[in-house]
Every structure is written in structure tokens, then in C-alpha cells.
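One letter stands for each residue in the lines below.
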Amino acid sequence: MGVNIQFSQSYFWLDSWIMANIIQLATQDFCDKFIDYKLDPGRRLYDQMVMAARCGVSNITEGSARYTTSIETEMRLLDVARASFDEVQGDFFNYLLRRKAEIWAIGNPNREAMWQMRLDPPQYSNSYLHDAARHILTQKRKFDRWLKNDNPEIVANAVLVLLLKENRMLQSQLKNLHEAFMQNGGFTENMTADRLEAKRRQAVANNSPQCPDCGKPMMRRMQKKGYLQGREFWGCSDYPNCRGIRNIDES
């Protein structure tokens, strides 16, 4: 596969990123409307909820921007995003517990109606920043009859449903990335493969000797351990598939 440096803002097309932005907006609106000084005199809960939602979006953004260079980094950051949204979930859950409010169970009409809703695929022009903003707000309006309700218990339950949908999206994304990693390798492996391929091309260009075992060009290598540590020798460019060697002074 090799290391592939490409356009890094493909996250604009991810449902998980779009839903994460909806959750961030919903959390900001909820905190502005319902987390008052009586409930949160030090404004620490307000800051924590808003920042955790922001971190979820930011880690999806940062991780997905690394996809073409490092699948491992994307997986780590998506996992951090998932943990951030779990933190937001805990705050909404606690809000409902403090009010002794009902948390929507499976089968609740509101929960089921929200769960069945799907995001539309984005249709972007070259002005993708402009189009992405419009798309996110359009998708958010699908849930606004719950998110803009004057009853905080309905809003909190609605955000919990969105967080569950987001968690499922991230789980699926992580599973797909793991499969891609198993098939194509990761950043370190691909950087090593690129480096070895460059050295093979250089060996051919420099008319390096041929491997006595397979006939492929050889590369200068150095003994890394043992009593001959530091000694240079010719090693087959197809290592580890071929382990042919020659002494440097061999013709």
C-alpha cells in the first residue's frame, strides 16, 4: 500500500462527523438553555459538557485527517472521540437522574422515531465548507422537534439517543479501519516498505551485485548484533523472503 499523502478533509463526508456536529450543537443549546447558575454555580458542568462534545468532533476530525498516512492514529483518535461522547452521555444521564426523570426505554415512541431516522448523504460542490454547514443544519432539523422542546427531560433523552447512534457509527468505523489495517498494514510498516522499495531502486541504479540465491539486486546492510556487529555486507533486497548474502569484498 505504501504511505499515501492525499486530501485530508474527507471527514466532511462521514456520517459520524456530521452526527457529532449535531450532538455538539445540541449540547451547546441544552447548556445555554437549561444549565443555569442555580444548578451549576461554578459553571464547571457547563464547560465540561460543552468541551467533551467539542472533543468528540475534534478527535474524529483529527483522526480521519490521518487516514491516508496512519490508520493506527485514526483508530486511536476515534476511540478517544467515543470516550468523549461517553462522557457527554454520563452528564445527560446524571441530569435526568437528579430530576428523577424517566429515561426512554426501547419501544418508547419518541426513541423509536429518532432511532429510525437516517442522515442524508451529503452533496457538496467545490464550496464544501459552505455546503457542509448547510448540510449539518439540515440534518439537525430532522431532530429539532425533540431538541428544541421546552421540556429539558425530552431534550436530554433526545441527545442520549443521538449519542447512542453516534456510538454505533464509531464502532462500525473502527471495525472497518481494523480490517483495513489487517489487510494493508499501518504507518510504520508502510513507511518501512516505501524505504525498502526506494533502496531497491537505488540498488538497481547503482548496479549492485546480484543475490547468489535468487538473482535480485542486493543492498548494503550492517550487522546489528553479535561479535561481527558493525560489519557491512551485501543482503538480498527481497529479505526476508530471501536471505542471500555476499561479503562486501566479493566481486
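Just so you know, these numbers come straight off a predicted model, no measurement behind them.

## Focus: unusual backbone geometry
Right, on to step 1. The backbone of arginine 43 sits at a positive phi, close to 60°, despite the residue not being glycine.
Right, on to step 2. Here arginine 43 lies in the loop between helix H1 (15–34) and helix H2 (44–65).
Right, on to step 3. Phi at lysine 100 is positive, roughly 55°, even though this residue is not glycine.
Right, on to step 4. Structurally, lysine 100 is set in the loop between helix H3 (71–98) and helix H4 (109–116).

## A short note on the pairing of strand E2 (residues 232–236)
Walk down a regular strand and you will see the side chains alternate between the two sheet faces.
Right, on to step 1. Most of E2 is tucked away: 4 of the 5 residues are buried.
Right, on to step 2. The pairing of strand E1 (residues 218–222) with E2 spans 5 bridges and is antiparallel. Across the sheet, the residue bridging to methionine 218 is cysteine 236, located in E2.
Right, on to step 3. Both E2 and strand E3 (residues 245–247) contribute to a ladder of 3 bridges, which runs antiparallel. Along E3, the bridge assignment pairs phenylalanine 233 with asparagine 247.

## Observations concerning the packing of aromatic side chains
Right, on to step 1. Tallying each qualifying case throughout the model produces 9 aromatic pairs.
Right, on to step 2. Consider the rings of tyrosine 11 and tryptophan 17, whose centres lie 5.5 Å apart with planes at 55°: the pair is tilted.
Right, on to step 3. A relative accessible area of 7% means that tyrosine 11 is categorised as buried.
Right, on to step 4. The rings of Tyr11, Phe12, Trp13, Trp17, Tyr124 and Tyr128 are connected pair by pair, giving a single aromatic cluster.
Right, on to step 5. The cationic tip of arginine 111 hangs over the ring face of tryptophan 115; the distance from NZ or CZ to the ring centre is 5.5 Å.

## Some thoughts on the environment of glutamate 72
Right, on to step 1. Here glutamate 72 is to be found in helix H3.
Right, on to step 2. For glutamate 72, a relative accessible area of 18% puts it in the buried group.
Right, on to step 3. Spatially, the C-alpha atoms of glutamate 72 and leucine 177 are 8.5 Å apart, while their sequence positions differ by 105 residues.

## As for the pattern of salt bridges
Right, on to step 1. Applying the stated rule across the entire model yields 7 salt bridges.
Right, on to step 2. Across the pair arginine 82 and aspartate 79 runs a salt bridge, and its minimum N-O distance is 2.6 Å. Separated by 3 residues within a single helix, arginine 82 and aspartate 79 lie in helix H3, roughly one turn from each other.
Right, on to step 3. Assessed through its relative accessible area of 24%, arginine 82 is described here as partly exposed.
Right, on to step 4. When its relative accessible area of 37% is taken as the criterion, aspartate 79 is described as partly exposed.
Right, on to step 5. Notably, a salt bridge pairs arginine 111 with glutamate 112, separated by 3.5 Å at the nearest N-O pair.

## What to know about the packing of H1 against H3
Right, on to step 1. Between H1 and H3, whose axes approach to 12 Å, the crossing angle comes to 35°. Of the two elements, H1 crosses H3, and the hand of that crossing is left-handed. Counted together, Ala20, Ile23, Thr27, Phe30 and Phe34 of H1 and Phe85, Val88, Phe92 and Tyr95 of H3 form the full contact between these two elements.

Rules used throughout
Residues numbered from 1 in each chain as written. Predicted model: local features only at pLDDT ≥ 70, side-chain atom pairs only at ≥ 80, totals over all residues. Heavy atoms only, no water. Helix = DSSP H or I, 4+ residues; strand = E, 2+ residues; numbered from the N terminus. Buried < 20%, exposed > 50% of the residue type's maximum accessible area, 1.4 Å probe, protein only. Pairing = 2+ DSSP bridges. Phe/Tyr/Trp six-rings, centres within 6.5 Å; stacked < 30°, edge-to-face > 60°. Lys NZ or Arg CZ within 6 Å of the ring centre and 35° of its normal. Salt bridge = Lys/Arg side-chain N within 4 Å of Asp/Glu carboxyl O. Axes fitted to C-alpha atoms, helices over the stretch in contact; angles between N-to-C directions. Left-handed = near helix turned anticlockwise from the far one by under 90°. Contact = heavy atoms within 4.5 Å.

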